[in-house]
Amino acid sequence: MSTVAHESIVREAKRLKLKNIEYIDAAIRYFSLRGLNPVEVEAREGTIIIQQIKKLRDQLFAYMQEEERSVLMPMLEKLIKIRLTTERVLRLQEVLLSTKSEEELKGIKEKVEQLRNQNEMAIQAQVKKVVREAKEYAPGKTRQKSSSI
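Residues numbered from 1 in each chain as written. Predicted model: local features only at pLDDT ≥ 70, side-chain atom pairs only at ≥ 80, totals over all residues. Heavy atoms only, no water.

Caption draft 1: Inspection of the overall build of the protein at higher detail. Each helix and strand counted, the protein has 4 helices and 0 strands in total. Going from N to C terminus, the protein has its helices and strands arranged as α-α-α-α. Relative to its 149 residues, the protein shows a buried fraction of 6%. For the protein, the proportion of contacts with a sequence separation of at least 24, taken over those separated by at least 6, is 0%. Summed over all atoms, the accessible surface of the protein reaches about 13,600 Å², with 59% contributed by carbon and sulfur. (Helix = DSSP H or I, 4+ residues; strand = E, 2+ residues; numbered from the N terminus. Buried < 20%, exposed > 50% of the residue type's maximum accessible area, 1.4 Å probe, protein only. Contact = heavy atoms within 4.5 Å. Areas by Shrake-Rupley, 256 points an atom, 1.4 Å probe, with all protein chains shown as cover.)

As structure tokens, then:
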């Protein structure tokens, strides 16, 4: 071992309050665990950064996949179900109204408009409630609660 290397070991071990052999063991384990060549300083730093970036990328991708499975797909299924239900209800309404005369349609029109207004107010109230709960129990909050629609 060169004198410069020995002095570096003694100085760094003292600074870190370690025995010389503890410092040497830790340094050897560091390079060994990471598969690094201790002679190539630039390559070592670049390799570490690349490994960290790859690990972060893998974690982000895994998070996105889990988010898709646990949040986005169920949400999409619910939206599709709502859309199909709405389409069927509208089609049923068209069929029912097509059997009525012009006179009957005039009387029904007012009742339908009244029901539509009531439904719209109820829907707006539910949307506000769901949005409020979503904000209250959003990711990062300590409590979690499922909303009921």
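Caption draft 2: Inspection of the packing of aromatic side chains at higher detail. Throughout the structure, instances matching the rule amount to 1 aromatic pair. Taken together, a centroid distance of 5.3 Å and an interplanar angle of 85 degrees make the contact between Tyr30 and Phe31 edge-to-face. Overall, the relative accessible area of 30% leaves Tyr30 in the partly exposed class. (Phe/Tyr/Trp six-rings, centres within 6.5 Å; stacked < 30°, edge-to-face > 60°.)

Caption draft 3: Seen up close, the packing of helix 1 (residues 3-15) against helix 2 (residues 20-34). Interhelical geometry of helix 1 versus helix 2 gives an angle of 100 degrees and a closest axis separation of 9 Å. One element, helix 1, and the other, helix 2, form an angle in the roughly perpendicular class. Together, Ile9, Val10, Glu12 and Ala13 of helix 1 and Asn20, Tyr23 and Ile24 of helix 2 make up the contact between the two elements. Grouping the amino acids of the contact of helix 1 with helix 2 by side-chain chemistry returns 5 nonpolar, 1 polar and 1 charged. (Axes fitted to C-alpha atoms, helices over the stretch in contact; angles between N-to-C directions. Parallel < 35°, antiparallel > 145°, perpendicular 65-115°, else oblique. Nonpolar A, V, L, I, M, F, W, Y, C, P; charged D, E, K, R; others polar.)

Caption draft 4: Local environment of the pattern of salt bridges. According to the stated counting rule, one finds 6 salt bridges in the structure shown. Linking Arg11 and Glu12 is a salt bridge whose minimum nitrogen-to-oxygen distance equals 4.0 Å. Linked through salt bridges whose partners overlap, the residues forming this network are Arg11, Glu12 and Arg15. (Salt bridge = Lys/Arg side-chain N within 4 Å of Asp/Glu carboxyl O.)

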